[in-house]
Each structure stands twice: as structure tokens, then as C-alpha cells.
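Coordinate inspection notes
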Amino acid sequence: MSAVVIALLRFGFLALLWIFVFFVLLTIKNDVFGTRVSTRGARPTTSKRSGPARRSGQSTARATPQRTAEHLVVSGGSLTGTTIPLSGASVTVGRSPDSALVLDDDYTSARHARFFNNAGDWFVEDLNSTNGTWVGRERIYQPTRLASGVPITIGESTLELRR
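Here goes a summary of the coordinates provided. Counting starts from 1 at the beginning of each chain's written sequence and moves along it residue by residue. Thresholds applied to this predicted model are a pLDDT of at least 70 for local features of residues and 80 or more for the giving and counting of side-chain atom pairs; totals over whole chains, interfaces and linings are not thresholded and use all residues. To get the side-chain values, take all heavy atoms of the structure and skip hydrogens and water.

Focus on the overall build of the protein chain
The test is simple: Only DSSP runs of H or I with at least four residues qualify as helices, and only runs of E with at least two residues qualify as strands; both kinds are numbered from the N terminus onward. Working definition: with a 1.4 Å probe on protein chains only, accessible area under 20% of the residue-type maximum means buried, over 50% means exposed, and in between means partly exposed. For the accessible areas, the method is Shrake-Rupley and the probe is 1.4 Å, while residue cover comes only from the protein chains on display.
Helices and strands together make up the secondary structure of the protein chain, namely one helix and eleven strands. From first element to last, N terminus to C terminus, the protein chain shows the α and β order α-β-β-β-β-β-β-β-β-β-β-β. Going through the 163 residues of the protein chain one by one, you find that 28% of them count as buried. Here the protein chain displays about 11300 Å² of accessible surface, and carbon together with sulfur accounts for 57% of that area.

Some words on the pairing of strand 3 (residues 91-94)
What counts here: Pairing between strands is defined by DSSP: at least two bridges between the two strands are required.
Of the two faces of strand 3, the one carrying Val-91 and Val-93 and the one carrying Thr-92 and Gly-94 are both buried. Relative to strand 5 (residues 113-118), strand 3 is paired through three bridges, and the arrangement is antiparallel. Note on strand 5: the bridge partner recorded for Val-93 is Ala-113.

Considering the sheet that holds strand 4 (residues 101-102)
As summarised here, the arrangement of the five strands in space is 4-3-5-6-9, forming an open sheet in which the pairing is mixed. Of all strands in the sheet, those bounded by a partner on one side alone are strand 4 and strand 9 (144-145). By the bridge criterion, two bridges tie strand 6 (residues 121-126) to strand 9 in an arrangement that is antiparallel. Opposite Phe-123, over in strand 9, you have Arg-145 as the bridge partner.

Some details on the pattern of salt bridges
Formally: Salt bridge, as used here, is a side-chain nitrogen of Lys or Arg placed within 4 Å of a carboxyl oxygen of Asp or Glu.
Summed over all chains, the structure comprises four salt bridges. Residue Glu-125 is joined to Arg-114 by a salt bridge in which the shortest nitrogen-to-oxygen separation is 2.9 Å. Of this pair, Glu-125 sits in strand 6 while Arg-114 sits in strand 5, and the two are eleven residues apart along the sequence. Take Glu-125 and Arg-114: they sit in the same class, and that class is buried.

A closer look at the packing of aromatic side chains
Put simply, the test is: The criterion for an aromatic pair is that two Phe, Tyr or Trp rings (for Trp, the six-membered ring) have centres within 6.5 Å, with stacked assigned to planes under 30 degrees apart, edge-to-face to planes over 60 apart and tilted to the rest. Note on criteria: charge over ring means Lys NZ or Arg CZ within 6 Å of the ring centre, with the direction from the centre no more than 35 degrees off the ring normal.
This model, assessed by the stated rule, comprises two aromatic pairs. Measuring from ring centre to ring centre gives 5.6 Å for Phe-22 and Phe-23, while their planes differ by 70°; the resulting arrangement is edge-to-face. Each ring, one from Phe-116 and one from Phe-123, has its centre 5.6 Å from the other, and the planes form 15°; the classification is stacked. Above the ring of Phe-116, the side-chain terminus of Arg-114 is found at 4.4 Å from the ring centroid.

Quick word on the environment of Asn-117
Short version of the rule: Two N or O atoms form a polar contact when they lie within 3.5 Å of each other; inside protein one atom must be a possible hydrogen donor and the other a possible acceptor, and for residues adjacent in sequence the pair counts only when both atoms belong to side chains.
Assignment of secondary structure puts Asn-117 in strand 5. By relative accessible area, Asn-117 is classed as partly exposed at 28%. For the pair Asn-117 and Ser-87, spaced 30 residues apart in the sequence, the C-alpha separation amounts to 9.0 Å. From its side chain, Asn-117 meets the backbone nitrogen of Gly-120 in a polar contact 3.1 Å long. Of note is the side chain of Asn-117, whose polar atom sits 3.5 Å from the backbone nitrogen of Asp-121.

Written as C-alpha cells, this is what we have:
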């Protein structure tokens, strides 16, 4: 082989090595710092509420006032029994030490999910986690309205909203 071919192979190998190092560093950065959470101006997508059609002149108030959830409870996993009071501020769940609820398992991302209140209803949002956030038996891809007592699975832990 000529000296030119050997030099090109060396530079090609060196370029591939630097690309690999770059992607490793990018992956470490994303794992350590996670996804940036920002507030949104639009109301999150909600499931359609079933019920009788309203006639003109009828009140839009609920017939039975429902109290909003007051606690986020870990009902399964290594932190079973842990309770976080909900005050209206958002609650971030993940492995990161700055999360409100730190879950230490291999299937939870650094910033895995966020619980937030919007107009009296609680929502959960997956923050682009690797293994996803599950409400009941469905994986969620957008902010989802939560009902009290519905299991939310994050990694190996199960959480519930309770009154």
C-alpha cells in the first residue's frame, strides 16, 4: 500500500474515533442534565369527558364538587409509602438529585416525568424518558389528565394521586 492510502486510513480512523467520543459526551450530558422543562401557554390535551349534552341555559358547573388530589403517593417499588404533598407547583420525578421525588432504579431517567396542576386538574407529562411513563396500561406521549387512584408507572415504581 502506498503512503497516501495509509495516511487516509489513519485520518479516517481518527475522525471516526472523535465522532464516537462526541456522541458519548452528548449522551452523558443528556443523562446528567436531562430535558429542560418549560411552561406552556396552551392547555394540555385532555381526554373527552363523557356525559349528557348540555342544553342552552344549563349551568356548566359540576353537579358534585370534586376535591383535587392532595398527595402523590408511591404505592409500589423501593420507596413504597412515600408521600409528597401537592401544593399546586409542578413535581418532577426522576433520578436527578434536584427532582422532587428521586427514584433510584435503572429504568428511570434523570428527569423522567412531571406532574402539574392546570385549572384544578392534575396532569402528568413524560419528559422524553427512555422507558416511558405509563398511566394505567397505556404509555403516554403527551400531557395526560389524571384521576385519583389511577396507577402511574415510572421505571419500577408505581405512583398514585390521592385526596
